[in-house]
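Residues per chain, in single letters:
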Amino acid sequence: MRRRLNIVQGNYIPAMATGTLPEKPQTDTLKPDRIEDVVREMLRDIPVIDVHTHLYMPSLGAIGLWGIDSLVTYHYLEAELFRSSSITADEYRSLSEREKADAIWRALFVENAPVSEAARGVVAVLNAFGLPVSSPDLRDAREFFASRSLESHIEQVFEMAGMSEAVMTNDPLDPDEAPFWERGAQRHRMFHPVLRLDRILNRWDQHWQRLESQGYNVDRAAVSGSATEVRRFLAKWCERIRPVYMAVSLPDTFQFPEESVRARLLREAVLPSCEEFGIPLSLMIGVRYQVNPAIGLAGDAVGKADLRSVEFLCREFPRNRFLVSVLSRENQHELCVYARKFANLMPFGCWWFMNNPSIVEEITRERVEMLGMTFIPQHSDARVLEQVIYKWRNTRRTLAPILANTYRLMAEDGRPVTREDIRHGLTRLFRSNFESFTQMKAALGMSNDAGSANQ
Ligand code: RAT
Ligand code: ZN
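Residues numbered from 1 in each chain as written. Chains lettered and ligands numbered in written order. Predicted model: local features only at pLDDT ≥ 70, side-chain atom pairs only at ≥ 80, totals over all residues.

1. Considerations on the overall build of the protein chain
As a reminder, the rule being used: In this text, helices come from DSSP runs of H or I with a minimum length of four residues, and strands from runs of E with a minimum of two, each type numbered from the N-terminal end. Atoms counted for the radius of gyration: C-alpha only. Globule rule: 2.2 Å times residue count to the power 0.38. Put plainly, a residue is buried at 20 or more neighbouring C-beta atoms within 10 Å of its own, exposed at 12 or fewer, and partly exposed in between, counting only other residues' C-beta atoms, which are placed from the backbone. Two residues qualify as being in contact provided that their C-beta atoms, derived from the backbone, are within 7 Å of each other.
In terms of regular secondary structure, the protein chain is built from 20 helices and nine strands. In terms of C-alpha radius of gyration, the protein chain reaches 22 Å, essentially the compact-globule figure of 23 Å for 455 residues. Taken along the three principal axes of its C-alpha coordinates, the protein chain extends 65 × 60 × 45 Å. A total of 455 residues make up the protein chain; the buried ones form 43% of that total. Partitioning the intrachain contacts of the protein chain with sequence separation of at least 6 by distance along the chain shows that 79% fall at a separation of at least 24.

2. Examining the sheet that holds strand 1 (residues 48-50)
To be explicit about the condition: Two strands pair if DSSP finds at least two bridges between them.
Read from one edge to the other, the open sheet built from three strands follows the order 1-2-3, with strand pairing classed as parallel. Among the strands making up the open sheet, the edge pair consists of strand 1 and strand 3 (191-192). Here three bridges tie strand 1 to strand 2 (residues 163-167), and the two strands are oriented parallel to one another. Paired with Ile49 across the two strands is Glu165, which belongs to strand 2.

3. As for the site of ligand 1
Cut-off, in case you're wondering: What makes a residue near a molecule or strand is its C-beta atom, placed from the backbone, lying within 6 Å of it. Under the convention adopted here, Pro, Cys and the residues Ala, Val, Leu, Ile, Met, Phe, Trp and Tyr are nonpolar, Asp, Glu, Lys and Arg are charged, and Gly plus all remaining residues are polar.
As a structural note, the neighbourhood of ligand 1 is formed by His54, Ser249, Met284, Leu297, Trp352, Asp381 and Arg383. Here the shell around ligand 1 is composed, by residue class, of three nonpolar, two polar and two charged.

4. Topic: helix 19 (residues 419-438)
This is how the line gets drawn: Given a helix with a known number of residues, its expected span is that number minus one, times 1.5 Å. Two axes are fitted around each residue, one to the seven residues ending there and one to the seven starting there, and the angle between them is reported as the bend at that residue.
For helix 19, with 20 residues, the first-to-last C-alpha span of 27 Å sits near the 28 Å given by 1.5 Å per residue. The sharpest bend along helix 19 reaches about 60 degrees and sits at Arg428. Summarising burial for helix 19: 15 of the 20 residues are buried, a large majority.

5. Quick word on the packing of helix 9 (residues 150-161) against helix 18 (residues 387-412)
Cut-off, in case you're wondering: Every axis in this analysis is a line fitted to C-alpha atoms, fitted for helices over the stretch in contact. Angles between the N-to-C directions lie between 0 and 180 degrees. Throughout, the term roughly parallel applies to angles under 35 degrees, roughly antiparallel to angles over 145, roughly perpendicular to angles from 65 to 115, and oblique to all others.
Running from amino to carboxyl end, helix 9 crosses helix 18 at an angle of 10 degrees, the nearest separation of the two axes being 8 Å. The angle between helix 9 and helix 18 places the two elements in the roughly parallel class. Along the contact surface, helix 9 presents Val157, Met160 and Ala161, while helix 18 presents Val388, Ile389 and Trp392. In terms of residue class, the contact of helix 9 with helix 18 is made up of six nonpolar, no polar and no charged.

6. Things to note about the environment of Tyr76
Looking at the secondary structure, you find Tyr76 in helix 4 (residues 75-84). For Tyr76, a count of 19 C-beta atoms within 10 Å translates into the label partly exposed. Taking the C-alpha atoms as reference, Tyr76 lies 28 Å from Val310; in sequence the two are 234 residues apart.

7. Details of the packing of helix 13 (residues 226-241) against helix 14 (residues 261-277)
To keep things clear, this is the line we draw: Handedness of a helix crossing follows the sense of rotation of the near helix relative to the far helix, less than a right angle counterclockwise being left-handed and clockwise being right-handed.
Contact geometry of helix 13 with helix 14 gives a least axis separation of 9 Å together with a crossing angle of 35 degrees. The two elements helix 13 and helix 14 meet at a crossing, and its hand is right-handed. Contact residues: helix 13 offers Ala227, Val230, Arg231, Leu234, Ala235 and Cys238, while helix 14 offers Arg264, Leu265, Glu268, Ala269, Val270, Pro272, Ser273 and Phe277.

8. Looking at helix 14
Its 17 residues give helix 14 an end-to-end C-alpha distance of 23 Å, which sits within 8% of 24 Å, the value for a rise of 1.5 Å per residue. Taking the largest bend as the criterion, helix 14 deviates by roughly 35 degrees, centred on Arg267. Among all positions of helix 14, only Val261, Arg262, Leu265, Leu266, Ala269, Val270, Leu271, Ser273, Cys274 and Phe277 are buried. Those residues of helix 14 that are buried are in contact with helix 11 (198-202), helix 12 (204-213), helix 13, strand 5 (246-251) and strand 6 (281-288). Gly278, located one to two residues past helix 14, shows a positive phi value of around 70 degrees.

9. Points about unusual backbone geometry
The linkage connecting Phe256 with the following residue, Pro257, adopts the cis geometry, with an omega of 5 degrees. The topology assignment puts Pro257 in the loop between strand 5 and helix 14. Of note, the phi angle at Ser224 is positive, near 35 degrees, even though the residue is not glycine. Relative to the helices and strands, Ser224 is located in the loop between helix 12 and helix 13. Judged by the 11 C-beta atoms lying within 10 Å of it, Ser224 falls in the exposed class. Non-glycine residue Arg242 carries a positive phi angle of around 50 degrees.

These figures capture arrangement, not role.
Okay, structure coming up:
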């Protein structure tokens, strides 16, 4: 077995220094009234890397959701169901998946016009496949999805979404997923793994025994050598799945440094391990977990976080790189300010409650004004395969005028705009900033010989 990642140790070279320059620069300038068309054209043609999803390569079994019932029972829509129907959470929970989908379809698509972002998304997916969008039931859609074969369906969906790759969320303590990796799940060129650490960092008290049962010498309080053992566990999983980054979602109350199991494991296991394997750590900050447990996954909310923890991490761990997304609208501006201070910080995406056109517009404008093209504007967070069709369509639709305006303002200030400027800028936003920040190409180069996860 070849150890893969520690060849890329060391200080991060900012993307700015490594972004690819055009081989043959075209210097023909664009007339101001052409800029928006060219931006739209290029946004359509540049295949995106979707840097955070909950989609899975087929070899990981049933955790990869797709099809109409999963689309309609998306937890964003479950939250909306209870506002437009008298069904209770208990009643809803007792239904089969199909019955749940029927209840949501009736309440949000038949009895009401589907105007919310998440509801319009389902309409856009049905429409993209030429399926009826106003029918009283889901019969046609169910027939259609039942006739698809997953491998070719994935290819078609990615093509329709304008995506080349999706980054997964792989939790090594997920009992529905880990066994597939342990048996050497077949890799897929369109899916990149991520080592997700929520169970370890946020719910250690419920999961430390899983590590213990696998032969790691850990204890409930995560003292006396536990961190060294967690590091050994992470090394094992880095070798096994070759993640493009490690990731954790964090509450609005997240503090670092502090005296806690999470902070100790972060400092002594996760950060050194990311450094050793040359990969970034993704921090998704600002969740208020389970403010309404009755509605399950739909029951999380948002809170403003103290981003001084991000400041501390970026300053005190200069050999680590941090991908950061924040859930609260109030935290977006300070995240941009910190990104101006620290080149080892990469803001990404408009996460979850932020992924609505009005807020995406505001955040993206702010980011371009403060950071130029040195951020990652969006990820889909798709939980169901076909969602990428509407999520990336909506992103392109919202961002086209904003990005076009950015170039128009530059032209008005006296610097002519070329097609090459636009191609280069958009490629950075939707591909190469992520590739450089994760040093993905170097890492993948090392793994070309690997057909299965355990080689
Ligand atoms: O957006 C979502 O679907 C959330 O439920 C979360 O999964 C979040 O994106 C996360 O990755 O924790
Ligand atoms: Zn997510």
